[in-house]
Amino acid sequence: MADEKPTKKTLDIKRRPMPKQDHHERIKNFEEVALGYPVPTAREEASRCLDCKTALCNKGCPVGIDIPGFIKRIVEGDFAAGIRKIKETNALPAICGRVCPQEEQCEKMCVLGKKGEPVSIGRLERFLADWEAGQDKIEIPVMAPKTGKKVAIVGAGPAGVTVANDLLILGHDVTIYEALHECGGVLIYGIPEFRLPKSIVKREVDYVRRLGAKIEMDFIVGTTRTVDELLEEFDALFVGAGAGLPWFMEIPGENLNGVYSANEYLTRVNLMKGYRFPEYDTPVKQPARVAVVGGGNVAMDSARTAVRLGADEVHLVYRRSRTELPARLEEVENAEEEGVIFDLLTLPVRLIGDENGWIKEMECLEMELGEPDDSGRRRPVPVKGSNFLMPADAVVIAIGNSPNPLIPMTTPGLELNKKGGLMTSPETARTSKARVWAGGDVVRGAATVISAMGDGRIAAASIHKYLTGQE
Amino acid sequence: MYEVIERRMIVPNLHEFTVRAPAVARSVKPGQFVIVRPEENGERIPLSVADWDREAGTVTSIFMQVGASTAKLARLKPGQTIPTYAGPLGRKTDIENFGTVLLVGGCYGIGSIYPVARALKEAGNKVYTFLEARGSFLLYWEDKLAAASDGMFIATRDGTKGRKGHIADMPAMLSAAGITPDRVIVNGCTFLLMRTSELTRPLGWKTVVNMNPIMIDGTGMCGVCRVSVGGKMKFACVDGPDFDGHEIDWAEFLARRKSYGPEEVDPLRRSSCASHF
Ligand SMILES: Cc1cc2nc3c(=O)[nH]c(=O)nc-3n(C[C@H](O)[C@H](O)[C@H](O)COP(=O)(O)OP(=O)(O)OC[C@H]3O[C@@H](n4cnc5c(N)ncnc54)[C@H](O)[C@@H]3O)c2cc1C
Ligand code: SF4
């Protein structure tokens, strides 16, 4: 790092803030919170980049975007060239710029972060993607001639959409099978509108459609047709079915009324537009005091959704401390601004109902931090005799998800990894079954959008090699 | 979009509903269900499958009109389309040669028990069917069921057909006919599932119930359909919908089904049966 001495430029160590909806206003609507950089701010922020000779930020990006490359185009004002640069390796920049945990990835590596604040790489990525969306035409890449090979993709989440994108450009025929009535996976049913507008997800899915993807909705691979049946028709198959099966805490009372999985809570609101009930048919209960259990993005999204649905008090109950919260920092700060009460170092042990079987209160333990565990985070240990009762008339459980067993259950020859996901080779994304690849949350368990896309990219390259007889 | 082939009220408040959905028709098995959305802004509701025609690519369900969504379904005419018809979902009912099997059907379950009867008969079982309804005017598909059964028993509350009575009379009616089932399979409203299980427990008759909880996605994602079975949490959509009726925590299940009552998320199979007991 010593050779990166920024000699020519004085260090501009403060990142430019991104305009946001005022928190008094935004808690009353479901519109996007972060508003994006205007052009002058984007160029100013981009100018902070030192254009390091050996840029470390690139290494922090799971799909290896040429970060200084696109940032330089912003400084020059050539936004079309900038977005082209990003799209060489990332098909979904409007999404990644919004939801990537940048502070753990690209921005963590930025040298400016050592002296002050790193360049806002995610915000600049988002800026270019939004700029492009505002133009009349979206560029379609040069497509390779048709190969006549057919690939089936299970799941229209970020992993599946990335594979489709790459294989279409390489000239292969792609059919995506999606169980739900909309495409996008977690981006549609999980992440709320106020963080990732659904119109953006639709635009990205439409883009692969324009590249020629066929999409079959309401199609559950495993029961509508099995993987083996599809393999009779297709040359290769990619499983990007995500990790949709919600975990519960396995404590007494979880089946009480008013106790939801975050998936249920968010699906009712996002996919089924429950917040617009009765215009849309799916209702959501509007309780007064909501407790969300967990500390990741899913928990933040659930808590902030509860705020917007009009709850009087929203508590986020997490068993470790604030530093260990796995959620994106920006969303933790947003949640705090919006009035979510953080009950840290707190572990629910029992849910207690009223005489009608509705949740009434939650028995919790206070925790303290002990030695680091396998994940490197300090292990929470209960404080003896610290039990207390916390009233709640809704509890949302957001402690994680694992891959759905439906596909392994119906597909002989697919081996599982320790997390219950599909076992794959990291270099090729191939599963233990011939002609079947997999990636994203169905392999890793609940992870990130960008890692799902990274897997998709690896799988597409390996599928292409296989289809063209290069291996 | 899925074309409605037929939608008619076969008995008061129960509709026979046939949709062209070749992918579903080709792979559906007894005991499975589909998820249907009546219109673009509509909610996703589960419907048990009652029949299908693999060649024509059509699938038939029986639904009861109760709330907003089923009211929308009940207005559909042949030729119209619906945006979602996804399936088949859930595990199929276990079909093998068990010996003598008693099928109990009520309400929409008179329809969904039919493919179970057909498959069990083909597997070589002696198949008896027990239908329960408030009156003869609520019975349907008796011919189809008779053709798939070795014997039929009917109980109506008002005595307009079969024995005047209800499910509680089932054990006596069977024993009068000298029948001891090796397995009982029940389809219908929650009360019928629960009452049958209570009746068969002391008799030691293995009882399989086809559960009908609230669901959203139907693929294991939302976890709304969780049921306590033998003290363990199960998801009806991926682990069921068939479960051992003697292992279900019925009190909890009833409470959960009622949870969205006021907002009518669950209009579908919340039937008038409750008033019978
Ligand atoms: C509320 C929430 C917030 C999140 N926030 C962030 C964030 O801020 N940043 C971030 O990086 N990550 C976030 N994540 C995680 C991220 O969304 C996932 O890691 C990512 O979407 C995984 O992509 P995927 O393509 O593997 O799976 P998914 O997005 O889960 O897509 C899988 C798709 O497959 C379909 N499918 C499943 N089974 C079948 C089948 N049998 N047949 C056909 N189709 C099937 C599903 O319906 C779904 O559409 C969040 C997740 C949640 C739930
Ligand atoms: S894709 Fe994510 S990790 Fe890569 S540069 Fe963009 S924000 Fe950073």
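Residues numbered from 1 in each chain as written. Chains lettered and ligands numbered in written order. Predicted model: local features only at pLDDT ≥ 70, side-chain atom pairs only at ≥ 80, totals over all residues. Heavy atoms only, no water.

A. Spatial organisation of the overall build of chain A. Within chain A one finds 19 helices and 16 strands. Its C-alpha atoms give chain A a radius of gyration of 23 Å, near enough to 23 Å, the size a compact globule of 471 residues would have. Residues classed as buried in chain A amount to 58% of the 471 residues present. Residue pairs at least 24 apart in sequence account for 70% of intrachain contacts in chain A once pairs closer than 6 positions are excluded. When the accessible surface of chain A is split by element, carbon and sulfur atoms take 53% of a total near 19300 Å². If the 61 positive side-chain charges of chain A are averaged to one point and the 68 negative ones to another, these points end up 5 Å apart. (Helix = DSSP H or I, 4+ residues; strand = E, 2+ residues; numbered from the N terminus. Rg over C-alpha atoms; globule rule 2.2 N^0.38 Å. Buried < 20%, exposed > 50% of the residue type's maximum accessible area, 1.4 Å probe, protein only. Contact = heavy atoms within 4.5 Å. Areas by Shrake-Rupley, 256 points an atom, 1.4 Å probe, with all protein chains shown as cover. Lys, Arg positive; Asp, Glu negative; His and termini not counted. Charge placed at Lys NZ, Arg CZ, Asp CG, Glu CD.)

B. Region of interest: the interface of chain A and chain B. Across the contact, 39 residues belong to chain A and 42 residues belong to chain B. Here chain A and chain B share zero salt bridges between them. Counting across the chain A and chain B interface gives eight residue pairs in polar contact (both at pLDDT 80 or more). At the level of elements, β5 (245–246), β6 (259–261) and α14 (262–269) of chain A are the ones that each hand at least two residues to the side of chain A that touches chain B. By residue number, the principal contributor to the side of chain A that touches chain B is α14 of chain A, which donates four residues. Taken together, the residues of the side of chain A that touches chain B sort by class into 19 nonpolar, 12 polar and eight charged. (Salt bridge = Lys/Arg side-chain N within 4 Å of Asp/Glu carboxyl O. Polar contact = N/O pair within 3.5 Å; in protein donor to acceptor, adjacent residues only side chain to side chain. Nonpolar A, V, L, I, M, F, W, Y, C, P; charged D, E, K, R; others polar.)

C. Structural context of the site of ligand 1. Residues and elements named next belong to chain A. Taken together, 35 residues lie near ligand 1, and V99, A159, E178, R195 and D441 sit nearest. Here an oxygen atom of ligand 1 sits 3.0 Å away from a polar atom, N or O, in the main chain of V186. Within the backbone of A447, one N or O atom sits 3.2 Å away from an oxygen atom of ligand 1. If ligand 1 stood free it would expose 990 Å²; the protein chains cover 95% of that surface. For the shell around ligand 1, the elements supplying multiple residues, two or more each, are α10 (158–169), α15 (297–308) and α19 (449–467). (Near = heavy atom within 4 Å.)

D. The arrangement of the site of ligand 2 in detail. Taken together, 13 residues form the shell around ligand 2, and within it C61, C100, Q105, C106 and E125 of chain A come nearest. Residues of the shell around ligand 2, tallied by class, amount to nine nonpolar, three polar and one charged.

E. Fine view of the pairing of strand β4 (residues 45–48) of chain B. All names here are of chain B. Taking every second residue as pointing to the same face, both faces of β4 are buried, with I45 and L47 on one and P46 and S48 on the other. The sheet contact formed by strand β3 (residues 33–37) and β4 spans four bridges and is antiparallel. Looking at β4, one finds that V36 is bridged to I45. (Pairing = 2+ DSSP bridges.)

F. Seen up close, helix α9 (residues 121–133) of chain A. Residues and elements named next belong to chain A. In a regular helix each residue adds 1.5 Å, so 13 residues correspond to 18 Å; α9 covers 19 Å between its end C-alpha atoms and thus fits that length. The element α9 is extensively covered by neighbouring structure, given that 10 of its 13 residues are classed as buried. Taken together, the buried positions of α9 are I121, G122, R123, L124, E125, R126, F127, L128, A129 and E132. (Expected span 1.5 Å × (residues − 1).)

G. Region of the structure containing the sheet that holds strand β8 (residues 84–89) of chain B. All names here are of chain B. Read from one edge to the other, the open sheet built from three strands follows the order β4-β3-β8, with strand pairing classed as antiparallel. The sheet terminates laterally at β4 and β8, the two strands that pair on one side only. With strand direction ignored, the average angle separating the axes of adjacent strands in the sheet is 25°. (Axes fitted to C-alpha atoms, helices over the stretch in contact; angles between N-to-C directions.)

H. Seen up close, the nonpolar core. All names here are of chain A. In this structure, I67, F70, I71, I74, L124 and I463 are the most contacted members of the largest nonpolar core, which totals 74 residues. When we break this core down by domain, the ones giving at least three residues each are domain 1 (23–135) and domain 2 (150–244 + 402–467). Each residue touching L124, except ones within four places of it in the same chain, is listed here: Y37, A42, E45, A46, F70, I71, I74 and V119. (Core = buried A, V, L, I, M, F, W, Y, C linked by side-chain atoms within 4.5 Å. Domains from an automatic or database assignment.)

I. How the structure looks around the packing of α15 of chain A against helix α16 (residues 329–337) of chain A. Residue and element names in this part refer to chain A. Where α15 meets α16, the closest approach of the two axes is 10 Å, and the angle between their N-to-C directions is 25°. With respect to their mutual orientation, α15 and α16 come out roughly parallel. Note that α15 runs across α16; the crossing there is left-handed. Contact residues: α15 offers N297, M300 and R304, while α16 offers E331, V332, N334 and A335. When its residues are assigned to classes, the contact of α15 with α16 shows three nonpolar, two polar and two charged. (Parallel < 35°, antiparallel > 145°, perpendicular 65-115°, else oblique. Left-handed = near helix turned anticlockwise from the far one by under 90°.)

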